[in-house]
Amino acid sequence: MLLSSLPRVPFAFTPTPLERAPRLSAALGGPRILIKRDDQTGLALGGNKARKLEFWLGEAISQGADAVITTGGVGSNHARMTAAAARRVGITPVLILSGQRSPLPQGNLLLDGLLGADIRYIEDDSDEAAAQAMAAAAAALREAGHRPYIIPGGGSGATGDAGYVAAFLEFLQQTIDQQLRVDRILVATGSCGTQAGLALGAKLTHAGLQVLGISVSRPADAVRQRVAAIATDCARSRLGVDLALTEAEVDVTDDYIGPGYGVPTEAGLAAMRLAAATEGLILDPVYTGKCLAGLIDLVRRGEIGKSETVVFWHTGGAPGIFAHAEALAGQTT
Ligand SMILES: *Cc1c(COP(=O)(O)O)cnc(C)c1O
């Protein structure tokens, strides 16, 4: 496997802790729960995108880039962390952002401004519109003599996925050191790269555990398709391994999305309160709160057994909670 020969910038504080959560486990009445603290990767308040950006910025620099362009919603954790990663290596971050913004920037958008990102807003939040806007921004930069590099939304693609294959190997070592037998990993899935990297890592190492994605935006079929495509592309084009991850091998549920991406659910907010009350742990309403809501419900329904060992992969997102103050304070949902 060629993982160690890919260009990489060491942004993330790793290994992130793999912590026990005894009070949360007891509150759920059974399964032993551990938390993989990728909220603590350290890059501009942390989160899962740091691991992907190590490889994206590595590739950008190796191609001589002096600007990076990426996209997301106004509350995007990926956009915030890309801006920070670009600053860390001395190149300009350009962010194409969509969605409703309040008059006073909050959460990630506030931090994008602090990081001095060149922010351009688009009205249409479709993937096509974002891709077009990024291509147009790149063309304009090239025209002006710059060397822009485009990172796809969420940092999901073969290059960034290497970061989550590496994360899985790191996790596997921790389970060996701590003499743990893990039955499954639960992770919040949006643009699919994190789940793809973990699932690919699990397959490459014959780890014999389930990587279950809790979708926060896409229908399950779309997730299966994307995860399989990203993982297979990463294996073949980056890791030099002739292996395919099939759609049938991708485990995902879309039962916990609620009204839609970025819209808090009652179950997600309740899960956030439970994590805070039992473990002093901060989750977010867009990703990790919905993921824990899924874990709680799957235990309640008996689909996750009481004697299992389950890893809740904490992907971050806390900087975004301040943009959801009304929902969190119970004023609206
Ligand atoms: C982006 C993100 C995810 C989802 O990761 P994908 O690789 O996009 O599926 C989960 N949690 C948080 C906090 C994120 O920012």
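Everything that follows concerns the structure shown earlier in this document.
Novice: What is the right way to look at the layout of surface pockets in this model?
Specialist: Gaps left between atoms show up when a probe the size of a water molecule is rolled over them. Empty space within the second largest pocket amounts to approximately 160 Å³. Around the second largest pocket, the lining residues are A199, A202, K203, A207, G208, L209, Q210, V211, L245, E249, V250 and D251. When contributions to the lining of the second largest pocket are tallied by element, the ones reaching two or more residues are α7 (193–204) and β8 (210–215). Looking at the lining of the second largest pocket, the element that brings in the most residues is α7, giving three residues. In the lining of the second largest pocket, the residues fall into seven nonpolar, two polar and three charged.

Novice: Looking at this structure, how should I read the side chain of N77?
Specialist: Secondary-structure assignment places N77 in helix α3 (residues 77–88). On the basis of relative accessibility, which here comes to 10%, the residue N77 falls in the buried class. A distance of 2.9 Å separates polar atoms of two side chains, one belonging to N77 and the other to R80. With near-sequence residues (within four places) excluded, N77 lies in contact with N108, Y287, G317 and G320.

Novice: Please clarify how the site of the ligand should be interpreted in this entry.
Specialist: Around the ligand, the structure places 16 residues, and the nearest of them are K49, K52, S191, T194 and T315. A distance of 2.9 Å separates an oxygen atom of the ligand from a polar atom in the side chain of K49. Contacts to the ligand include C192, whose backbone N or O atom sits 2.8 Å from an oxygen atom. Out of a free accessible area of 380 Å², the ligand has 98% covered by protein chains. Considered class by class, the residues forming the shell around the ligand number three nonpolar, eleven polar and two charged.

Novice: Would you explain the pattern of salt bridges in this entry?
Specialist: Oppositely charged side chains can form a pair if their charged atoms are brought close together. Under the defined criterion, the tally for this structure stands at 16 salt bridges. In this structure, D39 and R37 form a salt bridge, with 2.9 Å as the shortest nitrogen-oxygen distance. Note that R51 is salt-bridged to D38, the shortest N-O span being 2.8 Å. Placement of R51 in helix α2 (residues 49–62) and of D38 in the loop between β2 (32–37) and α2 is noted, with a sequence separation of 13 residues between them. What you see here is one network of salt bridges that share partners, running through K36, D38, R51 and E170.

Novice: What is the right way to read the nonpolar core from this model?
Specialist: As a rule of thumb, nonpolar side chains are buried together in soluble globular proteins. The biggest cluster of nonpolar side chains holds 30 residues, and the ones touching the most others in it are I33, L186, L292, L295 and F312. Secondary structure elements with two or more residues in this core: β2, β7 (184–189), β8, α9 (266–279), α10 (288–300) and β10 (309–314). In this view, I33 contacts E19, R20, A21, L24, S25, L28, L295, V310 and F312; residues no more than four positions away in its chain are not counted. Formed by 24 residues, the second largest nonpolar core is a distinct cluster that contains A158, L200, A228 and L243.

Novice: Quick question: what am I supposed to make of the packing of α7 against helix α8 (residues 220–238) here?
Specialist: Between two packed helices, both the angle of their axes relative to each other and the distance between the axes serve to describe the pair. Taken N-terminus to C-terminus, the directions of α7 and α8 make an angle of 55 degrees; their axes are 8 Å apart at the nearest point. The angle between α7 and α8 falls in the class oblique. For the crossing formed where α7 meets α8, the hand is right-handed. Along the contact surface, α7 presents G193, Q195, A196 and L200, while α8 presents V223, V227, I230, A231, C234 and A235. Broken down by class, the residue content of the contact of α7 with α8 amounts to eight nonpolar, two polar and no charged.

Novice: Even after reading the chapter, I still don't get the pairing of β8, so can you show me in this structure?
Specialist: Side-chain direction in a regular strand flips from residue to residue, so the side chains alternate between the two faces of the sheet. Burial within β8 is extensive, with five of its six residues counted as buried. Sheet analysis places β7 next to β8, joined by six bridges and oriented parallel. Looking across to β8, one finds that A188 is bridged to I214. Handedness of the β-α-β unit built from β7, α7 and β8 comes out right-handed. Judged from the three bridges that link them, β8 and strand β9 (residues 251–253) form a sheet pairing that is parallel. The residue of β9 that forms the bridge with I214 is T253. Note on the crossover from β8 through α8 to β9: the handedness is right-handed.

Conventions adopted
Residues numbered from 1 in each chain as written. Predicted model: local features only at pLDDT ≥ 70, side-chain atom pairs only at ≥ 80, totals over all residues. Heavy atoms only, no water. 1 Å grid on protein atoms, 1.4 Å probe; cavity = no way out; pocket = protein on both sides within 12 Å on 5 of 7 lines; lining within 4 Å. Points joined across faces, edges and corners; volume = space filled by probe spheres on them. Helix = DSSP H or I, 4+ residues; strand = E, 2+ residues; numbered from the N terminus. Nonpolar A, V, L, I, M, F, W, Y, C, P; charged D, E, K, R; others polar. Buried < 20%, exposed > 50% of the residue type's maximum accessible area, 1.4 Å probe, protein only. Polar contact = N/O pair within 3.5 Å; in protein donor to acceptor, adjacent residues only side chain to side chain. Contact = heavy atoms within 4.5 Å. Near = heavy atom within 4 Å. Areas by Shrake-Rupley, 256 points an atom, 1.4 Å probe, with all protein chains shown as cover. Salt bridge = Lys/Arg side-chain N within 4 Å of Asp/Glu carboxyl O. Core = buried A, V, L, I, M, F, W, Y, C linked by side-chain atoms within 4.5 Å. Axes fitted to C-alpha atoms, helices over the stretch in contact; angles between N-to-C directions. Parallel < 35°, antiparallel > 145°, perpendicular 65-115°, else oblique. Left-handed = near helix turned anticlockwise from the far one by under 90°. Pairing = 2+ DSSP bridges. Right-handed = clockwise from strand over helix to strand, strands pointing away.

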